[in-house]
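So you can see what is in the structure, the chains are spelled out below.
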Amino acid sequence: MKADLVVVGSGPAGLAAALKAWDEGVKNIYLLERDMELGGILPQCIHDGFGTVIFKESLTGPKYAQRYIDMLAKTKINVKLNTMVLGITPEKKVTAVNSQDGVFEIDAETIILAMGSVSYT
């Protein structure tokens, strides 16, 4: 597989990055998400306060994520859920795995890592 852009992670940063690239004319985009649904941690954030800058209204995490998901549905961005990225080479080859495709590789022109933060205790 070849891609102009691979975005790893479908939280707000990954969704926004993929959508902005699409709007700017990048059409061969893959959005890879390890979970079963888009949105990152947002579906767990039931408090409001999201969206005040971008959408000019205060939204809960799920509603904020849904806005991006609805925008994504109007594109032809390739979305692969339940997909774990196994490796990325300096040559921008992304190796990933899921139950539908098995192990696969994407040769990317550009890669955006939008996986959020991880804390180790």
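Here, the structure is the one placed above.
Predicted model only: the values in this text are computed from it and were never measured.

Analysis parameters
- Residues numbered from 1 in each chain as written.
- Predicted model: local features only at pLDDT ≥ 70, side-chain atom pairs only at ≥ 80, totals over all residues.
- Heavy atoms only, no water.
- Helix = DSSP H or I, 4+ residues; strand = E, 2+ residues; numbered from the N terminus.
- Buried < 20%, exposed > 50% of the residue type's maximum accessible area, 1.4 Å probe, protein only.
- Contact = heavy atoms within 4.5 Å.
- Polar contact = N/O pair within 3.5 Å; in protein donor to acceptor, adjacent residues only side chain to side chain.
- Pairing = 2+ DSSP bridges.
- Axes fitted to C-alpha atoms, helices over the stretch in contact; angles between N-to-C directions.
- Core = buried A, V, L, I, M, F, W, Y, C linked by side-chain atoms within 4.5 Å.

## Observations concerning the environment of Lys27
When you line up the elements, Lys27 lands in the loop between α1 (12-23) and β2 (29-32). Residue Lys27 is classed as partly exposed on the basis of its relative accessible area, which comes to 44%. As for Lys27 and Ile77, which are separated by 50 residues in sequence, their C-alpha atoms are 7.2 Å apart. Once residues lying within four places of it in the same chain are set aside, the contact partners of Lys27 are Asp4 and Trp22. Among the polar contacts made by the side chain of Lys27, one reaches the main-chain carbonyl oxygen of Trp22 at a distance of 2.8 Å.

## Here's the deal with the sheet that holds strand β6 (residues 102-113)
A sheet is described by the order of its strands in space; here six strands give the open sequence β3-β2-β1-β6-β5-β4, paired in mixed fashion. A strand with exactly one partner marks an edge of an open sheet, and here the two such strands are β3 (78-80) and β4 (84-88). Within the sheet, the average angular offset between the axes of one strand and its neighbour, ignoring direction, is 40°. Bridge analysis of strand β1 (residues 2-8) against β6 gives six bridges, and the strand direction is parallel. Paired with Leu5 across the strands is Thr110, a residue of β6.

## Let's talk about the nonpolar core
Judged by nonpolar contacts, the single largest core of 19 residues is most densely connected at Leu15, Ile29, Leu31, Tyr64, Tyr68, Leu72 and Ile77. At the level of secondary structure, the elements contributing two or more residues to this core comprise β1, α1, β2 and α2 (61-73). The residues touching Leu31, leaving out its near neighbours within four places in the chain, are Val7, Gly9, Ser10, Gly14, Leu15, Leu38, Leu72, Ile77, Asn78, Val79 and Lys80. In terms of nonpolar packing, the next biggest core, distinct from the first, is built from 10 residues, Tyr30, Val94, Ala96 and Ala108 among them.

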